[in-house]
Amino acid sequence: MSRTLLLGAVSLLALGTYAQAETTLTIATVNNGDMIRMQKLTDDFTKNNPDIKLDWVTLEENVLRQRVTTDIATKGGQYDVLTIGNYEVPIWAKQGWLAPLEGMPEGYDAGDLLPAIANGLSVDGKLYAAPFYGESAMVMYRTDLAEKAGVTIPDTPNWGQIEEAAAKMTDKDNEVYGICLRGKAGWGENMAFLTAMAHSMDARWFDMDWKPQFDSPEWKETLTKYLDMMNKYGPPGASSNGFNENLSLFQQGKCGMWIDATVAASFVTDPKESTVADKVGYAQFPNKAGKEGRGEWLWSWNLAIPAGSNKVDAAKKFVAWATSKDYTKLVAEKEGWRAAPPGTRTSLYDNADYKAAAPFAEKTIKAINGVDLAHPTSQEVPYIGSQWVAIPEFQGIGTAVGQQFSAALAGQTSADQALQNAQQLTNREMQKAGYPK
Amino acid sequence: MARAVSTRRKITFTVIAWVIGIAIFFPILWTILTSFKTEGEAIASPPSFLFFDWTLENYTTVQERSNYFLHFWNSVVISLGSTVLGLIIAIPAAWSMAFVPGKRTKDVLMWMLSTKMLPPVGVLIPIYLLFRDAGLLDTRTGLVVVLTLMNLPIIVWMLYTYFREIPGEILEAARMDGAGLREEIIYILTPMAVPGIASTLLLNVILAWNEAFWTLNLTAANAAPLTAFIASYSSPEGLFYAKLSAASTMAIAPILILGWFSQKQLVRGLTFGAVK
């Protein structure tokens, strides 16, 4: 018996590798609607480039981040095209991990990319990643509930107006909660929202000497207001709600308002999945009464090429195809303008067909254009950022601080204690990392 | 003689056993049910248990989007390959520990187990670099090697326990009859330990099938098994529960069926030696 097993094992082991086409590009990507659509449309690319074969590796965002970081830091060379966020691009470019996107094929028109997005992807004037789609944040609210409660939400609301509207729309007996916000701990979950909110309330993560600012009155005001609104008008168990949980609550008609990424608009207005598809209104991200700043939020998924790849030319061809104006047109032809990848090109927002098909286009472009990554808040900051801070330590610190704030929302600690802990742990991590640099 | 058990006691225990069994199986059942819902129904609250519009849409989508059979085949090769390779190394090792223990055998066994105490992520970068230089990244061979190393301590420990139950005198008798070491292990020890070896094999196939750290971190497009297939259907932004459930159901179905058919061996092997 063991001889058969041995033979079996050897023959199994022998089934090693696959035959390679002329150039095979391995593309690492995330499981988002726009990316999946791109995979379906790649025939258009391979038809014109028969010598390039595409292999897709689709992973959950956090798995992908870990996987791709390991590979690029060790120069493992497993991927030829990477899908990465605008948080990583400047950090990785400075490490010399990414190939600059110079000499893109003719007709790419890099000048058409939205300046706010392109700036975030450039280091020393060189573009290191091509944006595939971009998003900001806004208020989504139920027009029918607002009417019933007799409140109007202005186009440019402040936090006071939001709180008031939340109070009026809340009807806990019928499981309607005035406001749904992220509470699940994580640098990309509750801290994305809270960083944007804090920036809009004049708070900042660090002063010019990289000293954490959680002991400032601005942070206290931010956290107190957030906890207040959520405790009074939020859904139960909000400390474990992230984007998806809030999306599902909103789609089932349980939220009066939801402040989150603009990409959510296309989900909540999808009649196949949302019970409130025709009752959604939009407003800009709130500010502090009488202040300019609107809590910047800017995220884009981008395609980048690892430095030292020996397939840079083929990879550039693919990146150019996927982020071109022609690709947008291709999507519009096949699936309608509503499905076009948003938030990357000026030309899309000049297009009347798109504006007619996507009622949230106007708010999205306004929010994105309003972003200035070097000045995310009214105070001076030493960092680049929006709902994140562009330092490598932010993932770790952001998640640890997020746990403190999530605990405060769950009622396990007080706001003061959470801020004090956040201050301490951030201070410790920043000193360990050797700031100021 | 077996003790007489009253009917009432029997019923009570049966009911308790069923309740516990259903509670343990419920998450899997829920996954399977969700895979037949639409995304909208998958998140509906209160959720519907059986009365919803059953649909195969998710399975169609998953089939269209992913190459299930490539991932399936990778899983089969990796889990069987690593288990069989592990057994080939572990049977002689366990033999020597069980029948000719030395002064340090106990320490060696403990040391082997201690390698399981380190979180795998602690050695990710060194292993990644070794694999890169050896050209083993994204190959099934590489995964077979690393999963063998991962599971070897468990295999040796399980076999060692089974072998200890076998009287050494039988092996001695074989030796008296002129059996060499090879014959002794292949013709005498192995047949006597078949239930133990079978359950070790099954348990390790299951462990390797479900292993989701190395299989995700050392693969890209070619060698990715079903764990990567599942991971490609999860997302922090967007609704995916129904499709994720369909992918999970497809990924666990083979191992569930294998477990179902071999449960007799599994139970027999796991309780082997429990009653003398």
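Since we're looking at a predicted model, the values are computed, not measured.

Cut-offs and rules
Per chain, the residues get numbers from 1 upward, laid out in the order the sequence is written. Throughout, the order in which chains and ligands are written sets their labels, letters from A for the former and numbers from 1 for the latter. With pLDDT at 70 or above as the cut-off, local features in this predicted model cover only qualifying residues; side-chain atom pairs require 80 or more to be listed or tallied, and sums for whole chains, interfaces and linings still use all residues. Each helix is a run of H or I in the DSSP string that is no shorter than four residues. Each strand is a run of E no shorter than two, and both are numbered from the N terminus. Radius of gyration here is computed from C-alpha atoms only, and the compact-globule reference equals 2.2 Å multiplied by the residue count raised to the power 0.38. Exposed residues have 12 or fewer other C-beta atoms within 10 Å of their own C-beta, buried residues have 20 or more, and partly exposed residues fall in between, where C-beta atoms are placed from the backbone. Once C-beta atoms are placed from the backbone, any two residues with those atoms within 7 Å are in contact. Between any two strands, at least two bridges found by DSSP are needed for them to pair. Note on method: axes are straight lines fitted to C-alpha atoms, helices fitted across the in-contact stretch only, with angles between N-to-C directions ranging 0 to 180 degrees. Buried Ala, Val, Leu, Ile, Met, Phe, Trp, Tyr and Cys residues whose C-beta atoms connect them within 7 Å together make up a nonpolar core. UniProt positions are given in the numbering used here, feature names are shortened, and annotations may be inferred rather than shown by experiment. Where each domain starts and ends comes from a domain assignment, either automatic or drawn from a database. A helix is expected to span 1.5 Å for every residue after the first. Bend is the name given here to the angle between axes fitted to two runs of seven residues, the run ending at a residue and the run starting at it.

Details of the overall build of chain A
Line of reasoning, step 1. In terms of helices and strands, chain A carries 19 helices and 11 strands.
Line of reasoning, step 2. Relative to the globule expectation of 22 Å for 437 residues, the C-alpha radius of gyration of chain A, 23 Å, shows essentially globular dimensions.
Line of reasoning, step 3. Here the C-alpha coordinates of chain A stretch approximately 65 × 60 × 55 Å along the principal axes.
Line of reasoning, step 4. Looking at chain A as a whole, 49% of its 437 residues qualify as buried.
Line of reasoning, step 5. Long-range contacts, defined here as pairs at least 24 residues apart, represent 73% of the contacts in chain A between residues at least 6 apart.

With respect to the sheet that holds strand β3 (residues 81–85) of chain A
All names here are of chain A.
Line of reasoning, step 1. The five strands lie next to each other as β2-β1-β3-β11-β6, forming an open sheet whose pairing is mixed. If you trace the sheet from one side to the other, it starts and ends with β2 (52–59) and β6 (130–135), each paired once. Averaged over all pairs of adjacent strands, the angle between strand axes in this sheet comes to 20°, irrespective of strand direction.
Line of reasoning, step 2. Two elements, strand β1 (residues 23–30) and β2, share eight bridges in a ladder whose sense is parallel. Among the inter-strand pairings, I27 is bridged to a residue of β2, identified as W56.
Line of reasoning, step 3. Strands in contact with helix α13 (residues 312–322) are β1, β2, β3, β6 and β11 (299–304); relative to β1, the strand with the most contacts, it is inclined by about 45°.

Structural notes on the nonpolar core
Line of reasoning, step 1. Counting residues in each nonpolar core, the largest one holds 188 residues, and the members touching the most others are A:V81, A:V139, A:M140, A:M257, A:V319, B:A94 and B:L159.
Line of reasoning, step 2. Sequence-distant contacts of A:V81, that is, excluding residues within four places in its chain, are made with A:L25, A:I27, A:L303, A:I305, A:A315, A:F318 and A:V319.

Overview of the UniProt feature "transmembrane region" (unreviewed entry) in chain B
All names here are of chain B.
Line of reasoning, step 1. Mapped onto this numbering, the UniProt entry gives "transmembrane region" (unreviewed entry) at residues 12–33, 72–96, 108–131, 143–163, 184–207 and 240–261.
Line of reasoning, step 2. Taken end to end, residues 143–163 has its terminal C-alpha atoms 29 Å apart, with 100% of it in helix and 0% in strand.
Line of reasoning, step 3. Along residues 184–207 one finds 96% helix and 0% strand; the C-alpha atoms at either end are 30 Å apart.

Observations concerning the interface of chain A and chain B
Note on interface size: it is often stated as the accessible area lost on association of the parts.
Line of reasoning, step 1. In this assembly, 42 residues from chain A lie in contact with 40 residues from chain B.
Line of reasoning, step 2. Contributions of two or more residues to the side of chain A that touches chain B are made by α1 (2–14), β1, α2 (33–40), β2, α4 (61–73) and α11 (243–251) of chain A.
Line of reasoning, step 3. Broken down by element, the residue count for the side of chain A that touches chain B peaks at seven residues, all from α1(A).

Concerning the domain arrangement of chain A
Line of reasoning, step 1. Each assigned domain of chain A is listed here: domain 1 (2–134 + 299–357) and domain 2 (137–295 + 391–432).
Line of reasoning, step 2. For domain 1 of chain A and domain 2 of chain A, the distance between their C-alpha centres works out to 31 Å.

Examining the sheet that holds strand β8 (residues 177–180) of chain A
In any sheet, the strands associate via hydrogen bonds between backbone groups, in a parallel or an antiparallel arrangement.
Residue and element names in this part refer to chain A.
Line of reasoning, step 1. Judged by pairing direction, the sheet is mixed, and its four strands sit side by side in the order β8-β9-β7-β10 without closing on themselves. At either end of the open sheet lies a strand with only one pairing partner, and these are β8 and β10 (280–284). Along the sheet, successive strands turn relative to each other by an average axial angle of 20°, direction set aside.
Line of reasoning, step 2. For β8 and strand β9 (residues 255–261), the ladder comprises three bridges, and the chain directions are parallel. By the bridge assignment, C180 is partnered in β9 with W258.
Line of reasoning, step 3. Across the face of the sheet, helix α17 (residues 361–369) comes into contact with β7 (137–142) and β10 while running at roughly 20° to β10.

Re unusual backbone geometry
All names here are of chain A.
Line of reasoning, step 1. Cis geometry is adopted by the peptide bond preceding P436, which originates at Y435 and carries an omega value of 0°.
Line of reasoning, step 2. Assignment of secondary structure puts P436 in the segment after α19 (415–432).
Line of reasoning, step 3. In the Ramachandran plot, E175 falls in the positive-phi region, its phi being about 55° despite a non-glycine side chain.
Line of reasoning, step 4. Within the secondary structure layout, E175 lies in the loop between α8 (159–169) and β8.

Regarding helix α4 (residues 68–99) of chain B
Line of reasoning, step 1. Along its 32 residues, α4(B) runs 45 Å from first to last C-alpha, staying within 8% of the 46 Å computed at 1.5 Å per residue.
Line of reasoning, step 2. The largest bend in α4(B) amounts to roughly 30° and is located at B:A90, with the proline B:P92 lying one to four residues further along.

Concerning the pairing of β11(A)
All names here are of chain A.
Line of reasoning, step 1. Among the six residues of β11, six are classified as buried, and the element is accordingly described as predominantly covered.
Line of reasoning, step 2. The two faces of β11 match: W299, W301 and L303 on one face and S300, N302 and A304 on the other face are all buried.
Line of reasoning, step 3. For β3 and β11, the ladder comprises four bridges, and the chain directions are antiparallel. When the sheet's bridge partners are listed, G85 is paired in β11 with W301.
Line of reasoning, step 4. Here five bridges tie β6 to β11, and the two strands are oriented antiparallel to one another. Its bridge partner being in β11, E135 is matched across the sheet by W299.

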